[in-house]
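# Coordinate analysis (summary)
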Amino acid sequence: HANAMAQRLADGLAEADGVHVTYPVQSNAVFASLNPDRIRDLQRDWTFYMWDEGQSVVRWMTAFDTTEADVDAFIDAIRASAD
């Protein structure tokens, strides 16, 4: 389930402006690069880690209890951060 939610997240961001999934999704982690200002904005409301600060790559994790609604809300927040 967690792996499927990670894939849902990556798929939902495939067309998102300024977001690049940096590695294929092979488990419950999504690694993506995006503008550092967007990262800071998102971290005000969402908990996730900077994976590679020099490349502005973050690590987003899903879990056994991550719902489709959770993923969709996060996708919406990421997309809104581009505005």
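Residues numbered from 1 in each chain as written. Predicted model: local features only at pLDDT ≥ 70, side-chain atom pairs only at ≥ 80, totals over all residues. Heavy atoms only, no water.

## Considerations on the layout of surface pockets
Considered as a void within the structure, the largest pocket measures approximately 240 Å³ in volume. Taken together, 13 residues line the largest pocket, and the ones lying closest to its centre are W46, T47, M61, T62 and F74. When residues of the lining of the largest pocket are traced back to their parent elements, those giving at least two are β4 (57-61) and α3 (68-80). (1 Å grid on protein atoms, 1.4 Å probe; cavity = no way out; pocket = protein on both sides within 12 Å on 5 of 7 lines; lining within 4 Å. Points joined across faces, edges and corners; volume = space filled by probe spheres on them. Helix = DSSP H or I, 4+ residues; strand = E, 2+ residues; numbered from the N terminus.)

## Some details on the nonpolar core
Membership of the largest hydrophobic core comes to 20 residues, with the highest contact counts inside it found for L9, L13, V19, W60 and I78. Mapped by element, the contributors of at least two residues to this core are α1 (2-12), β2 (29-33), α2 (36-43), β4 and α3. Beyond its immediate stretch of four places on either side in the chain, L9 contacts V30, W60, V71, F74, I75 and I78. (Core = buried A, V, L, I, M, F, W, Y, C linked by side-chain atoms within 4.5 Å. Buried < 20%, exposed > 50% of the residue type's maximum accessible area, 1.4 Å probe, protein only. Contact = heavy atoms within 4.5 Å.)

## Concerning the sheet that holds strand β1 (residues 20-21)
Read from one edge to the other, the open sheet built from four strands follows the order β1-β2-β4-β3, with strand pairing classed as antiparallel. The open sheet has two free edges, formed respectively by β1 and β3 (49-52), since each of these has just one partner strand. Note: β2 against β4, five bridges, orientation antiparallel. Each bridged residue has a counterpart across the sheet, and for A32 the counterpart in β4 is V58. (Pairing = 2+ DSSP bridges.)

## A few points about the pairing of β2
Every other side chain in a regular strand lies on the same face of the sheet, so the side chains alternate between the two faces. Counting buried residues in β2 gives five out of five residues, a clear majority hidden from the surface. With burial as the criterion, each face of β2 is covered, one bearing A29, F31 and S33 and the other bearing V30 and A32. Where β1 lies against β2, two bridges are found, and the strand directions are antiparallel. When the bridges of β2 are listed, V21 appears paired with A32.

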